[in-house]
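Below are the chains, spelled out letter by letter.
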Amino acid sequence: MTATVIDGKAFAATVREKVGAHVTRLKEEHGITPGLAVVLVGEDPASEVYVRNKGKQTLEVGMNSFEHKLDADVSKEELYALIAKLNADPAVHGILCQFPVPAHLSEQDIVAQIDPAKDVDGLHVLNAGLLASGQRALVSCTPLGCLMLLRDHLGSLSGLNAVVIGRSNLVGKPLAQLLLGDSCTVTIAHSRTKDLQGVVSQADIVVAAVGRPEMVPGDWIKKGATVIDVGINRIERDGKKKLVGDVDYASCAQVAGAITPVPGGVGPMTIACLLANTITACCRANGLQEPDGLTA
Ligand code: NDP
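What counts, and where the lines are drawn
- Residues numbered from 1 in each chain as written.
- Predicted model: local features only at pLDDT ≥ 70, side-chain atom pairs only at ≥ 80, totals over all residues.
- Heavy atoms only, no water.
- Helix = DSSP H or I, 4+ residues; strand = E, 2+ residues; numbered from the N terminus.
- Expected span 1.5 Å × (residues − 1).
- Contact = heavy atoms within 4.5 Å.
- Buried < 20%, exposed > 50% of the residue type's maximum accessible area, 1.4 Å probe, protein only.
- Lys, Arg positive; Asp, Glu negative; His and termini not counted.
- Salt bridge = Lys/Arg side-chain N within 4 Å of Asp/Glu carboxyl O.
- Polar contact = N/O pair within 3.5 Å; in protein donor to acceptor, adjacent residues only side chain to side chain.
- Near = heavy atom within 4 Å.
- Areas by Shrake-Rupley, 256 points an atom, 1.4 Å probe, with all protein chains shown as cover.
- Nonpolar A, V, L, I, M, F, W, Y, C, P; charged D, E, K, R; others polar.
- Axes fitted to C-alpha atoms, helices over the stretch in contact; angles between N-to-C directions.
- Left-handed = near helix turned anticlockwise from the far one by under 90°.
- Pairing = 2+ DSSP bridges.
- Core = buried A, V, L, I, M, F, W, Y, C linked by side-chain atoms within 4.5 Å.
- Parallel < 35°, antiparallel > 145°, perpendicular 65-115°, else oblique.
- Domains from an automatic or database assignment.

A. Spotlight on helix α2 (residues 45-60). With 16 residues, α2 extends 23 Å between its outermost C-alpha atoms, agreeing within 8% with the 22 Å of an ideal straight helix rising 1.5 Å per residue. The elements touched by buried residues of α2 are α1 (8-30), β2 (35-41), β3 (64-70), β4 (94-97) and α10 (267-285). Positive phi appears at Gly62, one or two residues downstream of α2, with a value of about 95 degrees.

B. Focus on the side chain of Lys118. Looking at the secondary structure, you find Lys118 in the loop between α4 (107-113) and α5 (125-132). Comment: no salt bridge for buried Lys118; closest opposite-charge side chain is Asp115, at 5.4 Å. Within the local environment of Lys118, its side chain forms a polar contact with the backbone oxygen of Leu86, the two atoms lying 3.0 Å apart. A polar contact of 2.9 Å, which involves the side chain of Lys118, links it to the backbone oxygen of Asp89.

C. Broad picture of the site of the ligand. Lining the immediate surroundings of the ligand are 22 residues, of which Arg167, Ser168, Ser191, Ile232 and Thr270 lie closest. Here an oxygen atom of the ligand sits 2.5 Å away from a polar atom, N or O, in the side chain of Ser168. A distance of 2.7 Å is found between an oxygen atom of the ligand and a side-chain nitrogen or oxygen belonging to Thr270. About the coverage of the ligand: the protein hides 70% of its 930 Å² of free accessible area. Residue composition of the shell around the ligand, by class: 10 nonpolar, 10 polar and 2 charged.

D. The environment of Leu126, seen in detail. Within the secondary structure, Leu126 sits in helix α5. Residues Leu126 and Ala112, 14 residues apart in the sequence, show an inter-C-alpha distance of 9.1 Å.

E. Layout of the packing of helix α6 (residues 141-154) against helix α7 (residues 172-181). For the pair α6 and α7, interaxial distance at closest approach is 9 Å and the crossing angle is 35 degrees. Our pair here, α6 against α7, has a crossing hand that is right-handed. Note on element contacts: α7 touches α6 through Pro174, Leu175, Leu178 and Leu179, opposite Pro143, Leu144, Cys146, Leu147 and Leu150. Here the contact of α6 with α7 is built from residues that sort into 9 nonpolar, no polar and no charged.

F. How the structure looks around the sheet that holds β3. The sheet built from 3 strands is open, its strands ordered β3-β2-β4 with parallel pairing. Of all strands in the sheet, those with a lone pairing partner are β3 and β4, marking the two edges. Sheet twist, expressed as the average angle between the axes of neighbouring strands with direction ignored, equals 15 degrees. In terms of strand pairing, β2 meets β3 through 7 bridges, oriented parallel. Within β3, the residue paired with Val39 across the bridge is His68.

G. Spatial organisation of the nonpolar core. One finds Val15, Val19, Leu179, Ile228, Val230 and Met269 to be the most contacted residues of the largest nonpolar core, which totals 55 residues. Ranked by the residues each element gives to this core, the list is headed by α10, at 10 residues. What Ile228 contacts, discounting residues up to four positions off in sequence, is Ile6, Cys146, Leu150, Val206, Val207, Ala208, Thr260 and Val266. Counting residues in each nonpolar core, the second largest holds 19 residues, with Ala189, Val216, Trp220 and Cys252 among its members.

H. The arrangement of the packing of α6 against α10 in detail. It is at 8 Å that the axes of α6 and α10 come closest, and there the two elements cross at 100 degrees. When the axis of α6 is compared with that of α10, the two are roughly perpendicular. Two secondary-structure elements touch here, α6 through Cys141, Thr142, Leu144, Gly145, Met148 and Leu149 and α10 through Met269, Thr270, Cys273, Leu274 and Asn277.

I. Representation of the pattern of salt bridges. In this structure the tally under the stated criterion is 6 salt bridges. The shortest N-O distance in the salt bridge between Arg136 and Glu290 comes to 3.3 Å. Within this pair, whereas Arg136 is found in the loop between α5 and α6, its partner Glu290 is found in the segment after α10, the two being separated by 154 residues in sequence. Classification of Arg136 as exposed rests on a relative accessible area of 58%. Measuring nitrogen to oxygen at the nearest pair gives 2.6 Å for the salt bridge that ties Glu214 to Arg237. Of the two residues, Glu214 is situated in the loop between β7 (205-208) and β8 (226-229) and Arg237 in strand β9 (residues 233-237); the sequence distance between them amounts to 23 residues. We classify Glu214 as partly exposed; its relative accessible area is 24%. Judged by its relative accessible area of 33%, Arg237 is partly exposed.

J. Expanded view of the domain arrangement of the chain. With domains assigned, the chain is organised as domain 1 (30-116) and domain 2 (141-268). When each unit is reduced to the centre of its C-alpha atoms, the spacing between domain 1 and domain 2 is 29 Å.

Structure below.
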């Protein structure tokens, strides 16, 4: 069997198109331009690239992009004052702080400063709690992107056995909640899981969100299963730098029914879902109908 490749890059483009069309409608019919504010602390080169890409794609769909760059030694009081200003600004519908931040700042405390209604990264405890209790939340972007890819590929997920490897607050836990919301039977695996191979081999859906290059081999995968690879690992092979996921793509693609590649799978969905969340937050803030297919 050779797996169908789930093209996250192409699907992300359709999400951005949908977002762009809704932005146009919001502008024309309601005079509202959705706005996303991104706060970057320090000069981490990878974070600078992410922030630049986010800003570029925000502008491309017709939203306003507000970038705030702060020095690495900014005090938490100054940072929190900026977040308070953004919370109060009606032109800003989504706020995210790019992580990691310098060690004197706490990511958890920063997220707690953000108005949950503008928390487009879905990391605030209120949004995590709403998601866990099956209520309307803003959902973390990468898990939301995985869910969209799965729904697009499989249609109904009801009754399927799903294994999520990884239990981070950013990916594993919210994704498990989303899959449960779609009536999967969900197992969350992690570094202490016994017999990971046995657990994974039962799954109709395998999501790997670990951060260990190619740790899931093809002989763990049930024939025909759908494999979603969230991992982004930079490795060097044959003297060349390469990006690989958490699953061994070559062997898994021989067994799986469908698989996301790295790069070009889950990665592009993350920023697309950030834009989707900003539209959702904007519609909710203005009491307007949300576009279909952009939320959980
Ligand atoms: P974290 O480091 O926060 O979590 C990793 C999880 O993997 C932990 O729950 C850990 O378990 C588990 N784990 C570690 N080793 C093993 C093992 N041997 N067997 C089973 N489970 C294990 O990572 P994130 O969730 O933030 O990210 C995971 C991956 O996804 C990374 O490669 C990251 O780069 C990528 N990523 C990609 C994004 C995208 O846009 N595509 C966005 C976000 C992340 P325990 O809790 O027991 O320690």
